[in-house]
Amino acid sequence: MTDEPGPAERALYLAAVRGGGRLLPEDLAPDDRPTVAALVARGLLTPTPTGYTAANPSALGDRIGAELRHRATRLLVHAERLPGALRPLAHAYEELHRPSGPATEPEDAAAVPPCVSELLAGCREELLATHSDPHPAEVLRRTLGQDLTLLRRGCALRTLHRPATLDDPDARLQLALRSRQGAHLRVLDEPYEQVLLFDRAVAVIPAAEDPDRGAVVTDPTTVGYLVAHFERDWARATPADPDPDTPHPTTVRIGRLLARGLTQRAVALRLGLSERTVAAHISRLRDRYGARTLFHLGWHLRGERRG
């Protein structure tokens, strides 16, 4: 029996309402008996010594609503428990299909949470990651082995970094090692959330109670939202070339604005950076062009722009 009355049940119930809330046996045709039985089973008709009395449908709605909510709660609980129940089977399957070639392990295995290690081992197509670490070079050194193993297995790797990461020569070297193996790197000079996305099916985000720990998310809607958010950030980000001889993307943008005649303060306001940060990039430009003054630097940049 479905949760909602069918057309025949609705018609017979309305006939009872039009008859003053009552149905008499003589008012019913032989074909009405199954419909009457269904209405009684639903609680919409109540048998009486003289026939049937129409009941309030609101009571039925409240009862069925409570039953549906209870059923939904049980399904949610089951959905939460099912991945854990299947995890031993999944591990056995992954061991069977694990590549047999040599693998490079992280230098510090304890630096990678066990759940992330398992997800990395099971990743088959793509890892999307955003990094906002305060010490990028240190973190990149610890995770170099796992990233190279992923790339050698044929998985795609796209990572998003803060612009300051490319200011660190050690961090640039670590990124270059990944880039040479096919990793795609971009920098975004905007706030973004840290996340790891495995095969667009599982996400690891910082746990609210402890940012140093990861919370695993498997809900498809939530993971889909995080993937879409990553793609939006990726589209706004600047491709990063970690080669030490390649200028920092932010340095290039600052140079273009200086070539247009903007002052240091105007550049900082335009890019949403502090004047101190802009000054550091200008210092690199002056070293590159051998410019003694900002005017001299602007002259070089305008000449390069015209050329």
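For the structure, check the block above.
Residues numbered from 1 in each chain as written. Predicted model: local features only at pLDDT ≥ 70, side-chain atom pairs only at ≥ 80, totals over all residues. Heavy atoms only, no water.

A short note on a nonpolar patch on the surface
Selection criterion: Only residues whose relative accessible area exceeds 30% and that form no salt bridge enter a patch; like-charged residues are grouped when within 9 Å of one another, and nonpolar side chains (Val, Leu, Ile, Met, Phe, Trp, Tyr) when within 5 Å. Reported accessibility uses the Shrake-Rupley method at a 1.4 Å probe radius. Residues are deemed covered only where the shown protein chains occlude them. For this document, the term salt bridge refers to a Lys or Arg side-chain nitrogen within 4 Å of an Asp or Glu carboxyl oxygen. Strands here mean DSSP runs of E at least two residues long; helices mean DSSP runs of H or I at least four residues long; both are numbered from the N terminus.
On the surface, Leu82, Leu86 and Leu89 cluster together to form a nonpolar patch covering roughly 280 Å² of accessible area. Position of Leu86 relative to the elements: it lies in helix H3 (residues 57–97).

What about the sheet that holds strand S3 (residues 51–54)?
Test applied: Two strands are counted as paired when DSSP detects at least two bridges linking them. Whether two residues touch is decided by their heavy atoms; if any such pair falls within 4.5 Å, the residues are in contact. Interaxial angles span 0 to 180 degrees and are taken between N-to-C directions of axes, which are lines fitted to C-alpha atoms, for helices over the stretch in contact.
The strand order S1-S3-S2 describes an open sheet built from three strands, whose pairing is antiparallel. The open sheet has two edge strands with one neighbour each: strand S1 (22–23) and strand S2 (45–48). Bridge count for S1 against S3 is two bridges, and the pairing is antiparallel. Bridge pairing in S3 links Leu23 to Tyr52. The strands touched by helix H2 (residues 33–42) are S2 and S3; relative to S2, the strand with the most contacts, the crossing angle is about 105°.

A look at the pairing of strand S4 (residues 126–130)
Moving residue by residue along a regular strand, the side chains alternate between the two faces of the sheet. Cut-off, in case you're wondering: Burial status follows relative accessibility: with a 1.4 Å probe on protein chains alone, a residue under 20% of its type maximum counts as buried, one over 50% as exposed, and anything between as partly exposed.
Within S4, five of the five residues are buried, which leaves it mostly tucked inside the rest of the structure. Of the two faces of S4, the one holding Glu126, Leu128 and Thr130 and the one holding Leu127 and Ala129 are both buried throughout. Strand direction decides the pairing type here: S4 and strand S7 (residues 195–198), joined by four bridges, are antiparallel. Bridging from a neighbouring strand, Leu128 pairs with Leu197 of S7.

Structural notes on helix H5 (residues 136–152)
An α-helical turn contains 3.6 residues, so any two residues separated by three or four positions project in the same direction. The condition is simple: The span you would expect from a helix comes to 1.5 Å times its residue count less one. Note on bend: the value at a residue is the angle between axes fitted to the seven residues ending there and to the seven starting there.
Here H5 is 17 residues long and its end C-alpha atoms lie 23 Å apart, about the 24 Å a rise of 1.5 Å per residue gives. Along H5, the largest kink reaches about 50° and is centred on Thr143. Most of H5 sits inside the fold, with 13 of its 17 residues counted as buried. Within two residues after H5, Gly154 carries a phi angle of roughly 100°, on the positive side.

Observations regarding the nonpolar core
Generally speaking, a soluble globular protein has its nonpolar side chains buried in company with each other. Rule in force here: Among buried residues, the Ala, Val, Leu, Ile, Met, Phe, Trp, Tyr and Cys ones that are joined through side-chain atoms within 4.5 Å form a nonpolar core.
Ranked by internal contacts, the top residues of the largest apolar core, which has 23 residues, are Leu120, Cys123, Leu127, Leu150, Leu157 and Phe198. For this core, the secondary-structure elements that each account for two or more residues are helix H4 (114–122), H5, helix H6 (169–179), strand S6 (184–187) and strand S8 (202–206). If you tally residues by element for this core, the top one is H5, at six residues.

Examining the side chain of Arg158
Rules: Pairs of N or O atoms within 3.5 Å make up the polar contacts considered here, provided that, within protein, one atom can donate a hydrogen while the other can accept it, and that residues adjacent in sequence are counted only when both atoms are side-chain atoms.
In this structure, Arg158 sits in strand S5 (residues 156–161). A distance of 2.8 Å separates the side chain of Arg158 from the side chain of Glu231, its partner in a polar contact. In this structure, Arg158 is in contact with Glu126, Leu127, Leu128, Ala129, His184, Arg200, Phe230, Glu231 and Trp234, ignoring residues within four places of it in sequence.

Some words on unusual backbone geometry
Despite not being glycine, Asp199 has its phi angle at roughly 55°, a positive value. On the secondary structure map, Asp199 appears in the loop between S7 and S8. Judged by its relative accessible area of 26%, Asp199 is partly exposed. Even without a glycine there, the phi angle at Arg200 is positive, about 55°. Relative to the helices and strands, Arg200 is located in the loop between S7 and S8.

Topic: the packing of helix H9 (residues 264–271) against helix H10 (residues 275–289)
What counts here: An angle counts as roughly parallel when it lies under 35 degrees, as roughly antiparallel when it exceeds 145, as roughly perpendicular when it falls between 65 and 115, and as oblique in every other case. By definition, turning the near helix anticlockwise from the far helix through less than a right angle yields a left-handed crossing, and turning it clockwise yields a right-handed one. Three categories are distinguished: nonpolar for Ala, Val, Leu, Ile, Met, Phe, Trp, Tyr, Cys and Pro, charged for Asp, Glu, Lys and Arg, and polar for the others, with Gly belonging to the last.
Running from N to C, H9 and H10 point in directions that differ by 115°, and their axes come no closer than 9 Å. In terms of orientation, H9 and H10 fall into the roughly perpendicular class. In the packing of H9 onto H10, the handedness of the crossing is right-handed. Taken together, the residues of H10 that come into contact with H9 (itself represented by Gln264, Arg265, Val267 and Ala268) are Glu275, Val278, Ala279 and Ile282. Considered class by class, the residues forming the contact of H9 with H10 number five nonpolar, one polar and two charged.

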